[in-house]
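Chain residues, written in single-letter form:
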Number of protein chains: 2
Amino acid sequence: MEFIWIVPLSGVLAVLVAAYFAWDVLRRDVGSVAMQDVAGTIYEGAMAFLNRQYRTIYVLAIVAAIVIAGLLGFMRGGEEGLSLAWHTAVAFIFGAIASGLAGFIGMIVAVRSNLRTAAAAARLSLGDALTIALRGGAVSGLLVVALSLLGVWGLFELFGGIDRVDVNGTPIAPSLIVGFGFGASFVALFAQLGGGIYTKAADVGADLVGKVEAGIPEDDPRNPAVIADLVGDNVGDCAGRGADLFESTAAENIGAMILGVALFTATLARGATIAEAAVWIFFPLVVRAFGLIASIAGVFAVRPGGVSNAQRALDAGYWVTAILSAIGMFVATQFMLGNLWFFWCGVVGILTSVAFVYITQYYTSGTWRPVQEIANASRTGPATNIIAGFAIGLENTALPAITIALALLASFYLGAQAGPALGVPVGSGAAGIYGTAIATMGMLMSAGYILAMDTFGPITDNAGGIVEMSDQPEDVRHITDALDSVGNTTKALTKGYAIGSAALAAFLLFSAFLDEVGIILGGRAVEGVNIAKVEVFVGGFLGAMLVFLFSGFAIRAVGKAAGDMIDEVRRQFKADPGIMAGTSRPNYRQCVDISTRAALREMVLPGVLAVAAPILVGLILRWEAAAAFLMVGTMTGILLATVFNNGGGAWDNAKKFIESGQLRDIKTGDVLGKGTPEHAAAVVGDTVGDPFKDTAGPSLHVLIKLLSTVTLVLAPLFV
Amino acid sequence: MEFIWIVPLSGVLAVLVAAYFAWDVLRRDVGSVAMQDVAGTIYEGAMAFLNRQYRTIYVLAIVAAIVIAGLLGFMRGGEEGLSLAWHTAVAFIFGAIASGLAGFIGMIVAVRSNLRTAAAAARLSLGDALTIALRGGAVSGLLVVALSLLGVWGLFELFGGIDRVDVNGTPIAPSLIVGFGFGASFVALFAQLGGGIYTKAADVGADLVGKVEAGIPEDDPRNPAVIADLVGDNVGDCAGRGADLFESTAAENIGAMILGVALFTATLARGATIAEAAVWIFFPLVVRAFGLIASIAGVFAVRPGGVSNAQRALDAGYWVTAILSAIGMFVATQFMLGNLWFFWCGVVGILTSVAFVYITQYYTSGTWRPVQEIANASRTGPATNIIAGFAIGLENTALPAITIALALLASFYLGAQAGPALGVPVGSGAAGIYGTAIATMGMLMSAGYILAMDTFGPITDNAGGIVEMSDQPEDVRHITDALDSVGNTTKALTKGYAIGSAALAAFLLFSAFLDEVGIILGGRAVEGVNIAKVEVFVGGFLGAMLVFLFSGFAIRAVGKAAGDMIDEVRRQFKADPGIMAGTSRPNYRQCVDISTRAALREMVLPGVLAVAAPILVGLILRWEAAAAFLMVGTMTGILLATVFNNGGGAWDNAKKFIESGQLRDIKTGDVLGKGTPEHAAAVVGDTVGDPFKDTAGPSLHVLIKLLSTVTLVLAPLFV
């Protein structure tokens, strides 16, 4: 049990390191006045949006907290219902605040790091620019994981820890803190949806009128939507993805602790002390703590001196994190669980993480067949480009799904091997399911580093924009272009990682839901979810449908907002010819406003739908249907998110493939680059992919976990 | 039991009526020599393709039959295994032949009806043209349903009927004839895939080079791909959809008979005679027979005299069919089952069919919001058109899914009410599941008429092409345009109907699978499918993945083939300027060849994947995982097919909305019709939608049922 102290220690350490990185980044050179001017406008726009967005989210969250507390208190009734209601409401608000805080602080640093990165590119070196961008991103990455860990642990202890048990002797604190995960999911859903709509409305609008109609380059200061586009990169990728992974880590921790309760009880029954048995409950927190330390080490391993290849430098940091994670996993499994089988479960998770990195690269990088096929299809126009890209998107679900299937089967099998040694009933599957949970923990150990790499993306993208808009010399652009290109890869990888870990976590969370149902039913083991029953089948079917409907709403929101943006940019160009001539400054603020208002308006309907649908299914068709809703919704969500994420990424890179002059005329051998019909076709594909990969896809990650947490929290009402 | 004679009677009657219709259509006026020339070329191309396609399919089918027989005989072993193996193989081949025969004869008549329809439009009236097209389509529609019904019944009797029982007294003939459904599914899969790839490769190629690049109208004789396009309409919609509904009706019959076995046993146990108990097994056949007679009446109800509105005339025929179906359902339930509750189950099915008709119209007709939204999004270019269309496609899954959910819940509930009166154990759900089966039967009663309306589509489409290519006067075109437009609607409705009935049939087929497993396990009732088990969860997940992967392959095949077609058309235009000048005739045959070869080549991989995947899952992860594979695959397939079908239909009609001059400039109020950038954007959307709605979507209907039949047939290997 002495291991538990690593949890607060690592959390506090990570917060301190984040503070150091923030200080380290902020004290750097801020470049020329022109640069500061651009960066200042981005900062303003980002903060204005975040302020308004989080105000809306918190109003919704308070309503949700009251409704949940009311439902739980009223429908369960009595003292027990009252206690459950207020614990859940407090945990919910706590989760919502912690998630928002992590995102907010991370954003503040990110939208200041972009300027420092640009300045370092202009005045120092690639290595310095890289380090600043990564450390700026690490503020967000480390805070997210640290606040999630500290939040779960702190709340668990606050709510009585392992000492607080029900009449059957089962610790109830893990069930009381599920509200924390729900609060985090709730904020994440709206943060990701709003951020995703914002960024893509701006991006689509800026590209279609700027690049396609007016023929001006990316990030050209004459484009009225350019600032909105740069702001969007931050609110989508940084704040949105941060909230997403905050939710993943929190939900995985809580779910695994609930699963630990079953093993706790079994261990106690074998005559162990409470302290000995409690390792099952604390183990997930300890593993996360080791992962956090590994991630800190990974960020420090990336140093400015002698960097010539940015991707390789970041990869080195990732491998440091992965190897330290494996060592941490070994220590934790050996000294806490005393069983080597569980270590191998963790290795399965770490390997799954690696597999997702390579699969994502295969499907989204110009080096391989998929992207080249889309680029080739651009020869016959936008329609065949779209058809090819969509086909690739659908096809690319296979390898991730098979990987997840193998990881689940392998970690279940490995975990089950440990069962007999622990005296767990073999048939119950408790050890096998704990094995899948450990694989999930293994995969999520590197979350801090991965998130730092992800936020690196918008920082370097913004740095490129600042360099372009402040008219810096060619060699500075080369540096920021190189970083930006690496940033695109890391953003794509993070999405793959997020979806893979969400898939693993999902199985753990279903199992936790069934355990919850069992506990509510008075300790009776729940047999399972029989999808052959008509109402359970219907529940599953509606779960899958929700995923499609939600995606439709998200994509439609971007389409509508982008339409408004296009109209506004066209209007400005027409009203003031000085804009295109470069003599007058476009009205950036107007475009920022359009994105802001559209995002806030359009995020509400899909968000409310996502929260309300599982509650309705659970209340009407009961818990087994709710479980099927959750499971089939999750399966479909994982696949559809993969279509969106990687399909969108492939379209994007097919366009870049053509822009970099790699597509040639079959007969003449001439380069078919920018300005050709082939390029125009590829731009259409890229634009279609924008809301796929940056709005619908990432929002689905969040939706999946929200389904899990909402059903966990409201399980008492569905039984 | 005297009711059973209506089965062969109605089947033979339908064959005779089909023969009469064929004679009636073929004796009609064949129009001018120019018309005959065009029609002759279409006929040749269609027959050449069908010959080659079915040759390939039958080679694959023979291989499949041998593999299945080998697997069953070898793995089950002994006399029982041997008997199962040869019965299944014979049934499989029989199903494959019957399906092929229905498709082939229907096609022969359809590709001759087009000419007669064109001639009637030129020389007689709208009413005559309508009647010829509908009766030409009815040959296919009636033969499909009749051969399916006669095949199932004949084989059932051939394999021993209800007298042949196993050691537990359970009739085994229903289990022995599942091979018939599998054979039909097998042919349907390749027919639909091949036909779908053929038609859309030709259509996309013809549109992109002809309409967009060369600026010539649809069906212009100067377009080298025009004949391939016209041939494609037949092989896709007529042969493909015919095979699809052949499979639906056969699989539904067989599945319902297997479900009837459980009630047969329960009824016998209550002391009834075998004849009394057997009604449960024969009931599905009798209902289909009544439906067939209702469909014949529906076709006869549409008469040439005084037709002014083609849609209304077809609707009248549909309502005749629906009302007679309801009466037939009442007679069958009252006199065979003696329970009013079951009649209401049938009514639920008939109402579901009506609901699907209206939902499909809402999402695919220019009168309502969805299509108008896509047309509006064309103002800002192809990218926003695609985004809007895709969002609509995703959104439009909700109403069909909710309809299916309600239909399942309602018919299960109504059926369960009948249970106690029948002495069926209430908890077993057998009566409820039989209720869902009756709803499916109710929905499929009108299959003959619906299919006649569907084949009406390609016939009138071709008639329009013949009129256009043979340069007929304006008023003749008005008639064929009116019919073609109605044909587009009926094609869309048929897809909605096909997917809705497939969804209802799916639940029945799962239940049949579980009954099969129970019978194989020696009469032990199977509890269900527990999706919380890791291997079952993985099975479900892989089932959903298969649907995505299969769709990706299907769409990609069209993209590749269309690319070849575009290259060929561009080559012909360049090589011979006389083509565009109208002085030389393009090489139609070359384009027909490209579509033919591409279709045959590209249909194999997705087809084999679809057959092999469920077998592998069943063999490795066993029956419960196979059941989950089937169920989740079906749910996802229904939703994705709805996205493809209605999304594609909406894009198509958004283009037509613009072409008909209904989109106007917001400021000036000018019509934004053909030739504008808005129209060009809508053409891109229509083209993207082509492989969605005519290749991937319809192929998914077939895939879903194939999954059911393959798992049913191979259930003995998975247990």
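A short tour of the structure in this document, coming up. These numbers were taken from a predicted model, which means no experiment stands behind them. (Residues numbered from 1 in each chain as written. Chains lettered and ligands numbered in written order. Predicted model: local features only at pLDDT ≥ 70, side-chain atom pairs only at ≥ 80, totals over all residues. Heavy atoms only, no water.)

Structural notes on the overall build of chain A
Link 1 in the chain: Across its full length, chain A holds 22 helices and zero strands.
Link 2 in the chain: Here chain A has a C-alpha radius of gyration of 25 Å; the compact-globule value for 719 residues is 27 Å, and the two agree.
Link 3 in the chain: Each principal axis of the C-alpha atoms in chain A carries an extent, and together these give about 80 × 55 × 50 Å.
Link 4 in the chain: Within chain A, the fraction of its 719 residues that count as buried is 70%.
Link 5 in the chain: Partitioning the contacts of chain A with sequence separation of at least 6, the portion at a separation of at least 24 is 85%.
Link 6 in the chain: Of the side-chain charges in chain A, 42 are positive and 54 negative, and the distance between the mean point of each set is 2 Å. (Helix = DSSP H or I, 4+ residues; strand = E, 2+ residues; numbered from the N terminus. Rg over C-alpha atoms; globule rule 2.2 N^0.38 Å. Buried < 20%, exposed > 50% of the residue type's maximum accessible area, 1.4 Å probe, protein only. Contact = heavy atoms within 4.5 Å. Lys, Arg positive; Asp, Glu negative; His and termini not counted. Charge placed at Lys NZ, Arg CZ, Asp CG, Glu CD.)

Quick word on the interface of chain B and chain A
Link 1 in the chain: At the interface, 68 residues of chain B touch 68 residues of chain A.
Link 2 in the chain: Of the roughly 6,000 Å² buried at the junction of chain B and chain A (both faces included), carbon and sulfur atoms supply 85%.
Link 3 in the chain: Our count for the chain B to chain A interface comes out at four salt bridges.
Link 4 in the chain: The residue Glu373(A) makes a salt bridge to Arg556(B) at a minimum N-O spacing of 2.6 Å.
Link 5 in the chain: Where chain B meets chain A, there are six residue pairs in polar contact (both at pLDDT 80 or more).
Link 6 in the chain: Taken together, the elements giving at least two residues each to the side of chain B that touches chain A come down to α11 (369-377), α12 (382-395), α13 (398-422), α16 (474-520), α17 (534-575), α20 (604-659) and α21 (677-718) of chain B.
Link 7 in the chain: Considering each element in turn, the side of chain B that touches chain A owes the most residues, 20 residues, to α17(B).
Link 8 in the chain: Of the residues in the side of chain B that touches chain A, the class split is 47 nonpolar, eleven polar and ten charged. (Buried area = accessible area lost by both parts, 1.4 Å probe. Salt bridge = Lys/Arg side-chain N within 4 Å of Asp/Glu carboxyl O. Polar contact = N/O pair within 3.5 Å; in protein donor to acceptor, adjacent residues only side chain to side chain. Nonpolar A, V, L, I, M, F, W, Y, C, P; charged D, E, K, R; others polar.)

Comments concerning the packing of aromatic side chains
Link 1 in the chain: Summed over all chains, the structure comprises 64 aromatic pairs over all chains.
Link 2 in the chain: Here the aromatic rings of Tyr20(B) and Phe21(B) are separated by 5.7 Å at their centres, their planes lie at 45 degrees, and the arrangement is tilted.
Link 3 in the chain: In this structure Tyr20(B) comes out as partly exposed when scored by relative accessible area, which is 33%.
Link 4 in the chain: Note on Phe21(B): relative accessible area 0%, which makes it buried.
Link 5 in the chain: On the basis of an interplanar angle of 50 degrees and a centroid distance of 6.1 Å, the ring pair of Tyr362(B) and Trp368(B) is categorised as tilted.
Link 6 in the chain: With relative accessibility at 37%, the residue Trp368(B) sits in the partly exposed group.
Link 7 in the chain: Geometry around Trp23(A) places Arg27(A) over its ring, the cationic atom sitting 4.6 Å from the centre. (Phe/Tyr/Trp six-rings, centres within 6.5 Å; stacked < 30°, edge-to-face > 60°. Lys NZ or Arg CZ within 6 Å of the ring centre and 35° of its normal.)

A few points about the environment of Ala431(A)
Link 1 in the chain: Mapped onto the secondary structure, Ala431(A) falls in helix α15 (residues 430-444).
Link 2 in the chain: The spacing of Ala431(A) and Tyr413(A) is 18 residues in sequence and 9.1 Å in space, taken between C-alpha atoms.

Focus: a nonpolar patch on the surface
Residue and element names in this part refer to chain B.
Link 1 in the chain: Taken together, the side chains of Trp 319, Val 320, Ile 323, Leu 324, Ile 327 and Tyr 358 make up a nonpolar region of the molecular surface, amounting to roughly 560 Å² of accessible area.
Link 2 in the chain: The dominant element in the nonpolar patch, judged by the number of residues it contributes, is helix α9 (residues 310-337), at five residues.
Link 3 in the chain: By the secondary structure assignment, Ile 327 is in helix α9. (Patch = residues over 30% accessible without salt bridge, like charges linked within 9 Å, V, L, I, M, F, W, Y side chains within 5 Å. Areas by Shrake-Rupley, 256 points an atom, 1.4 Å probe, with all protein chains shown as cover.)

Topic: the relation of the copies chain B and chain A
Link 1 in the chain: Once chain B has been moved 0.0 Å along the axis and rotated by 180 degrees, it coincides with chain A to within an RMSD of 0.0 Å. Overall, the copies show the geometry of a two-fold rotation axis. Taking the C-alpha atom as reference, chain B places Asn530(B) closest to the rotation axis, 2.3 Å from it.
Link 2 in the chain: Interface overlap between copies is the fraction of interface residues in one copy that are interface residues in the other; for chain B against chain A it reaches 100%, indicating a shared surface. (Least-squares fit on C-alpha atoms with pLDDT ≥ 70 in both.)

Overview of helix α16 (residues 447-469) of chain A
Residue and element names in this part refer to chain A.
Link 1 in the chain: The terminal C-alpha atoms of α16, which comprises 23 residues, lie 33 Å apart, in line with the 33 Å expected from a rise of 1.5 Å per residue.
Link 2 in the chain: Most of α16 is tucked away, with 22 of its 23 residues classed as buried.
Link 3 in the chain: A positive backbone phi angle near 60 degrees is found at Asp 471, which sits one or two residues after α16. (Expected span 1.5 Å × (residues − 1).)

Describing the nonpolar core
Link 1 in the chain: Residues Phe283(A), Val529(A), Phe644(A), Phe283(B) and Phe644(B) are the most contacted members of the largest nonpolar core, which totals 572 residues.
Link 2 in the chain: The residues contacting Phe283(B), other than those within four sequence positions of it, are Met329(B), Ala332(B), Thr333(B), Met336(B), Leu337(B), Tyr434(B), Ile438(B) and Met441(B). (Core = buried A, V, L, I, M, F, W, Y, C linked by side-chain atoms within 4.5 Å.)

Side note on the pattern of salt bridges
Residues and elements named next belong to chain A.
Link 1 in the chain: Summed over the entire model, instances satisfying the criterion amount to 65 salt bridges over all chains.
Link 2 in the chain: Note that Lys 200 is salt-bridged to Asp 690, the shortest N-O span being 3.5 Å. Of this pair, Lys 200 sits in helix α6 (residues 178-214) while Asp 690 is found in helix α22 (residues 677-718), placing the two residues 490 residues apart along the sequence.
Link 3 in the chain: When salt bridges with common partners are traced through the structure, they connect Lys 200, Asp 203, Lys 495, Asp 652, Lys 656, Asp 690, Lys 693 and Asp 694 into a single cluster.

Here's the deal with the side chain of Ser295(A)
Residues and elements named next belong to chain A.
Link 1 in the chain: Considering the arrangement of structural elements, one finds Ser 295 in helix α9 (residues 279-301).
Link 2 in the chain: For Ser 295, the side chain forms a polar contact with the main-chain nitrogen of Tyr 449, separated by 3.2 Å.
Link 3 in the chain: Excluding residues that lie within four positions of it along the chain, Ser 295 makes contacts with Leu 142, Thr 321, Met 445, Ser 446, Gly 448 and Tyr 449.

Observations regarding the packing of helix α7 (residues 226-269) of chain B against α21(B)
Residue and element names in this part refer to chain B.
Link 1 in the chain: Interaxial distance between α7 and α21 falls to 10 Å at its minimum, and their mutual angle equals 30 degrees. The orientation of α7 with respect to α21, classified from their angle, is roughly parallel. In the crossing of α7 with α21, the sense of the turn from one axis to the other is left-handed. The segment α7 lies against α21, with Asp 237, Arg 241, Asp 244, Glu 247, Ser 248, Ala 251 and Ile 258 engaging Asp 694, Pro 698, His 701, Val 702, Lys 705, Leu 706, Thr 709 and Leu 712.
Link 2 in the chain: A class-by-class count of the residues in the contact of α7 with α21 yields six nonpolar, three polar and six charged. (Axes fitted to C-alpha atoms, helices over the stretch in contact; angles between N-to-C directions. Parallel < 35°, antiparallel > 145°, perpendicular 65-115°, else oblique. Left-handed = near helix turned anticlockwise from the far one by under 90°.)

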